[in-house]
Structures are given as C-alpha cells and as structure tokens.
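Each chain, written out:
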Amino acid sequence: MAVNPQHAAVLGRRGKLELEDVLASLVVDGILAGDDAKRVRGSSRSGKSAVELHPLVLIANSKVENRTSGRPLTLEGLVEWLAAKAQLPYLKVDPMKVNVAQVTQVVSNAYAQRHRILPVAVTPGEVTFATAEPFDAAWAQDLAHMLRKDIRRVVASPIDINRYLLEFYGVQRSIQLAQDAKGQDASSKIINFEQLLELGKGGELGADDRHVVHIVDWLLQYAFEQRASDIHLEPRREAGQMRFRIDGVMQKVFELPPPVMTAVTSRIKILSRMDVAEKRRPQDGRIKTRSAGGREVELRISTMPTAFGEKVVMRIFDPDLVMKDFSQLGFAPDEDRIWRGMVERPHGIVLVTGPTGSGKTTTLYSTLKHLARPELNVCTVEDPIEMVSPDLNQMQVQPAIDLDFAAGVRTLLRQDPDIIMVGEVRDLETAQMAVQASLTGHMVLSTLHTNDSPSAVTRLLDLGVPHYLIQSTLAGVVAQRLVRTLCPHCKEPATQDPDEWRVLTHGWDIPLPAQVFAPVGCLECRKTGFLGRTGVYEMMPISPRLRAQITAQLDLAKFSDVALREGMKPLRISAAAQVAAGLTTVREVLNVLPPSDIDDDVSP
C-alpha cells in the first residue's frame, strides 16, 4: 500500500485514532475512493456498535475496494498501512511464539485492557507490546519508568489484541486461581519417584473446578485452531509442559504448575471415561467434541505413568483430515491406478506399512470410505477404534475379555462381511485369520510396521505364515511416509542442488527438475515455510513373477530387485516426483525417508 508519511500527524493529532482522520488519510494516499469513504462514514453512523469498534475494523467490515490493487481492503492490509504510517514494525500475533506465563506477569490485566496493549515478548532489558493505537504512546513512558526496561511498540490487528488479551490473561488467571484454590502442591497423591515433600502444603485440586474446566476447554480449541495432530501433557517437577505436534514437528505451547497439571489430567481422564483413581497403570480412552467451526472431532487419549505423574497424549482425529478423497492423499496418477487395482478386487490381502505417524490410518479410512457402498458390508476390528464412521461396522479389541485381533476377525467372518479391515497384524494368529478371511473370498486391509514394501513379505514369513498361503492371498503392499508440503502462500522458485538430487535419485536416471521451490516463511505457515503434509508411497502390487519369488527361504535383496523390475518405485522416487511438482524439498524428503531407502544401491 502507498503511504504518505506527511499525514501521520493528522492521524495522531488526538492520540486515539478517529474514523474521519483514517478515512481522510486513506483517500489522500490513493487507497480509498472518496465515494467509498462516504459510504463507510454513513454506515458507521447507522451502526449501533460503531463507537466500540476500532476504525480499521469498521473500514474492513465495509468491504470497500483498495484502489491500488482492485481487491477488497482487508484488516491485515489496513494494519500494515497503519504501522507504516506510524513508522513502527507490523506484527501478526502468533500465540505459539508468546510465553504467556511470562508476558502476563509484566502488567496487570486491568492496565493492559485500559490501554488496549498486549505484551508479546520479554527480555532482560526490553518488553515488546502490540497495540492498534500507535499514536497513543503516553502509557509507554509510564511503563518504562515503572518496569525500568525499554518499551518496544509494534502494531497489530485490534481484533487479535482484544482476543489474546482475553485468552492470555483469562487462561493465566484460571491457572493461578486453580493453583490457589486448594493448596500449592497436589503432587503428593501421585506416583513420583523424585518427590519433594513440603510439609503443610497438602490438599488436592478438583478436576471439576471451573478454572480447570476453562483451561481444558481452551487447550482443546487452541489445538484445533493450530492444526495440531497431537497434544502432549508432560509432568515435570517444577512445571508441567504442554506441547503440540504440528505438521509432524513438536512445538512447546505452555507451562502449567504441577498441581494444575494434575487437575487438568484428571479432568481429561473424566471426559474420556477413564479410572481417575488409577494412576499407576497406562489407560486409553476417547473424547468426542466439536471444534469452533462446529465440526465433530474425536480425540484418542493415552496416559502413561512417569517419574513426576501421568503423561497424557491426545491424538486428534478430524474427520475432514482422516477421511480424505483419493485425490487428497497425494497419489500420483499411476499410484492412484495401482492402488485402486489392489483394493477394488473381490478378495485378497492389502497391507499398508510404515512407522507410527506415517499416515497409514488416513490411507485405510479414506480407502474404506471409497469402498463402502450400500450393497457392501464393511467391517473393522481395531485397537482402538480410531475414527467412528456411520458407513462402517466397527469393533474394538478388548484384551481383558480375550477379544484380540484374531478373535475379532474370527467373529467378523460369521458376520457375512465383504471387506474386513484389521487394525494391525501383530502375531501369527491374526495373520492366519487374515489369510483365512482372504481364502474364503473377502477383501482384507491391514497394517504392518516395516520400513519398505518388500520387507512386509519377510515379516509375514517371520511370523510363521506359510509361504504358499502368502502366495495365494497377498494382493499388494504399500509403504508410505508423510512429508511436509511447502506453504503455497510464500514458497519461491529456486535452483536444485545437483548433489542433493543425486543422493535422492541414486541409481535412477531421473533428470534434474527444471523448476523447484524453496521454503520462505510467512504469517500463514508461522514462518516455517511449510503448511500441511502429503504422502509419498511405494506401491508393490504382487505380480505373477513376484508370487513365484515368495518361498520359505526368501532372499529379500533378490525379491526387492524383482519388485523394482516389475515396476515398483521406491519411496525416494515417489518423493522426487513430489519435489519436481513443487510440493516439497529434497532436504525435507531426506529427513523423513529411512536411510536404507536412500542408500540402497538397487536400481531398476
């Protein structure tokens, strides 16, 4: 946006921003048409809450056009213009990068609300405040004198400032009140191998305390907003840690005092129907809730006793993310064709392999959603049920009553199924039941934990499945990984390092791509350069020639070589195609793929 600094004095003549001054300045800078300014002025007079709204919010709500770009004037664009006018830095507040416990100690909530200032960073010699009133700076001199620190001002969106003032101080107040409510140390009630006993500080905090309820509600909504896939609550002696996993990377979010962490853990256990009194054994549960947008979201909860209390991990299953269309899984056109050929047959076993967190669940659920038609009976046996779907008949493994995977499949075979999904092939009995189901004319989908597709066959042999049964039932294997995708808002063209490309495509004659992209970092991707993840796949359909190679004494290297000659593309070649398509980078791929796959000398 064009900025004329001469009009800064006009904007700041009354200290607080006035709508008339802002509109006049925008018109003079050539950003706003005079007729649009009149329209905004007229609508502001008729609006009941105009007095309460910040002038920039009023203008953005009017949906007027930016004369320089021809696009609607956005609030963020207006805030950037205002920052340039005031000759101050612009800041898009990222709550993940704010130490809430620290910044809320700098000034009181009442003082921050009165001046509409949001503390966002604290260093030994300086405090940074975000404001939407950059020409009202009297408070900065007072604070510099009181705090004996330099005050740095940045300009941020008034909506962000209002929201985070409520959230930061509200959550911090809930934590403080929860801690003060019933004593300072509730850790005496938990298993703690390094317990510090402080006499006279007993009393346990209640999980139904309204402050604790507020903290948990905020935590869940915050995780949904930040696109977290997992929430980790990790107790420590001094302060418990709250961390999110976003796009596969762990991010520290918050610290909680030990008694509050214990109460939050108890609240989550109550919501997920666990035994609150049992703190010595691991437990599993689930919570179904709604995101701020109204979507139903399921959380799978797992607790584990540690040295300082119970660690809780909540895995978030958003139906929009777990059940995707085939086109959204990241399949290339030829991979899509091969996968459909594997799963759309009347019987056989299809295995999806990869480590935890590689997207196997998403692939299987999306496939089941694709296969589940009214004329078919689709049944699953899982441990636990990851995502409840109305299209599937789902059964959960219950070890306490001897309902394991094998017993579950045995039961499903008497339920007239067409397609069976087994959560995981863990032992010989489950593998035998999967083979039995396939031999009797059913399609069986399941997962294994192996690094690549050919290793799945050796894993079945190691479990004790006869080679001739694998020959007659296995339809195909898919190994997969998740790689972070470049942020579409900020990625920029780059030149590919030939040495990196040679490492990735080692043994394969794939030309250097003409165009690749590099991460930059912007507000949308939280300055990481990456936004979201996509799958890379190693498809191994079992051809007649491959079937012939499955013997009791299988040579894995020879089997892999035959699979490559039959058309299987390793994970790194699938990943190279994603790099060439501009979706990710070689460095990101090399961080994710197993070293054996990158160093493998086998070529087609």
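Here the structure is a predicted model, which means the values were calculated and not measured. (Residues numbered from 1 in each chain as written. Predicted model: local features only at pLDDT ≥ 70, side-chain atom pairs only at ≥ 80, totals over all residues. Heavy atoms only, no water.)

## Here's the deal with helix H16 (residues 428-439)
Right, so step 1: Spanning 12 residues, H16 covers 16 Å between terminal C-alpha atoms, matching the ideal 16 Å at 1.5 Å per step.
Right, so step 2: Buried residues belonging to H16 abut strand E10 (348-353), helix H15 (405-413), strand E13 (419-422), strand E14 (443-448), helix H17 (454-463) and helix H18 (467-473).
Right, so step 3: Backbone geometry just downstream of H16 places Gly-441 in the positive-phi region, at approximately 95 degrees. (Helix = DSSP H or I, 4+ residues; strand = E, 2+ residues; numbered from the N terminus. Expected span 1.5 Å × (residues − 1). Contact = heavy atoms within 4.5 Å.)

## Points about the UniProt feature "domain: Bacterial type II secretion system protein E" (unreviewed entry) in the protein
Right, so step 1: Following the UniProt record, one finds the feature "domain: Bacterial type II secretion system protein E" (unreviewed entry) at residues 413-427.
Right, so step 2: Counting secondary structure, residues 413-427 comes out at 7% helix and 27% strand; the distance between its end C-alpha atoms is 18 Å. (UniProt positions renumbered as here; feature names shortened; annotations may be inferred.)

## Quick word on the sheet that holds strand E1 (residues 117-123)
In a beta sheet, neighbouring strands pair by backbone hydrogen bonds and run either parallel or antiparallel.
Right, so step 1: The three strands lie next to each other as E1-E2-E3, forming an open sheet whose pairing is mixed. One side of each edge strand has no neighbouring strand; the edge strands of this open sheet are E1 and strand E3 (150-155). Pairwise comparison of adjacent strand axes, ignoring direction, gives a mean angle of 25 degrees for this sheet.
Right, so step 2: By the bridge criterion, six bridges tie strand E2 (residues 126-131) to E3 in an arrangement that is parallel. Directly across from Thr-131, in E3, lies its bridge partner Val-155.
Right, so step 3: Helix H8 (residues 138-147) contacts E1, E2 and E3 of the sheet and is inclined by roughly 145 degrees relative to E3. (Pairing = 2+ DSSP bridges. Axes fitted to C-alpha atoms, helices over the stretch in contact; angles between N-to-C directions.)

## Remarks on the packing of aromatic side chains
Right, so step 1: Under the definition given, this model contains seven aromatic pairs.
Right, so step 2: Taken together, a centroid distance of 5.3 Å and an interplanar angle of 25 degrees make the contact between Tyr-164 and Phe-168 stacked. Of this pair, Tyr-164 and Phe-168 both sit in helix H9 (residues 158-181), four residues apart, roughly one helical turn.
Right, so step 3: Site record: aromatic cluster; members linked through ring pairs are Trp-218, Tyr-222, Phe-244 and Phe-254.
Right, so step 4: One residue, Lys-491, lies across the ring of Phe-517, its end atom 4.7 Å from the ring centre. (Phe/Tyr/Trp six-rings, centres within 6.5 Å; stacked < 30°, edge-to-face > 60°. Lys NZ or Arg CZ within 6 Å of the ring centre and 35° of its normal.)

## Comments concerning the sheet that holds E14
Right, so step 1: Reading across from one edge, E12-E11-E13-E14-E10-E15-E18 is the order of the seven strands in this open sheet, with mixed pairing throughout. For this open sheet the edge positions go to strand E12 (393-396) and strand E18 (530-541), each flanked by a neighbour on one side alone. Looking at each pair of strands side by side, their axes are set apart by 20 degrees on average, direction ignored.
Right, so step 2: Here strand E15 (residues 474-486) pairs with E18 via 10 bridges, running antiparallel. Paired with Leu-482 across the strands is Gly-535, a residue of E18.
Right, so step 3: Docked against the sheet, helix H14 (residues 360-371) engages E10, strand E11 (378-382), E12, E13, E14, E15 and E18, running at close to 170 degrees with respect to E14.

## Concerning the side chain of Thr-265
Right, so step 1: You can see Thr-265 is positioned in helix H11 (residues 258-271).
Right, so step 2: Here Thr-265 falls in the buried class, since its relative accessible area comes to 4%.
Right, so step 3: Here Thr-265 is in contact with Glu-310 and Val-312, once residues within four sequence places are set aside. (Buried < 20%, exposed > 50% of the residue type's maximum accessible area, 1.4 Å probe, protein only.)

## Some remarks on the environment of Thr-551
Right, so step 1: Tracing the chain through its elements places Thr-551 in the loop between helix H20 (544-549) and helix H21 (556-565).
Right, so step 2: Judged by relative accessible area, which is 32%, Thr-551 ranks as partly exposed.
Right, so step 3: Between the alpha carbons of Thr-551 and Ile-470 there is a distance of 9.2 Å; along the sequence they are 81 residues apart.
Right, so step 4: Residues in contact with Thr-551, not counting those within four places in the same chain, are Leu-461 and His-467.

## Re the packing of helix H2 (residues 19-28) against helix H5 (residues 75-86)
Right, so step 1: In the contact formed by H2 and H5, the axes pass within 12 Å of each other and the chain directions differ by 90 degrees. Judged on the interaxial angle alone, H5 and H2 are roughly perpendicular. Between H2 and H5, the contacting residues are Val-22, Ser-25 and Leu-26 on the first element and Leu-78, Trp-81 and Lys-85 on the second.
Right, so step 2: Here the contact of H2 with H5 is composed, by residue class, of four nonpolar, one polar and one charged. (Parallel < 35°, antiparallel > 145°, perpendicular 65-115°, else oblique. Nonpolar A, V, L, I, M, F, W, Y, C, P; charged D, E, K, R; others polar.)

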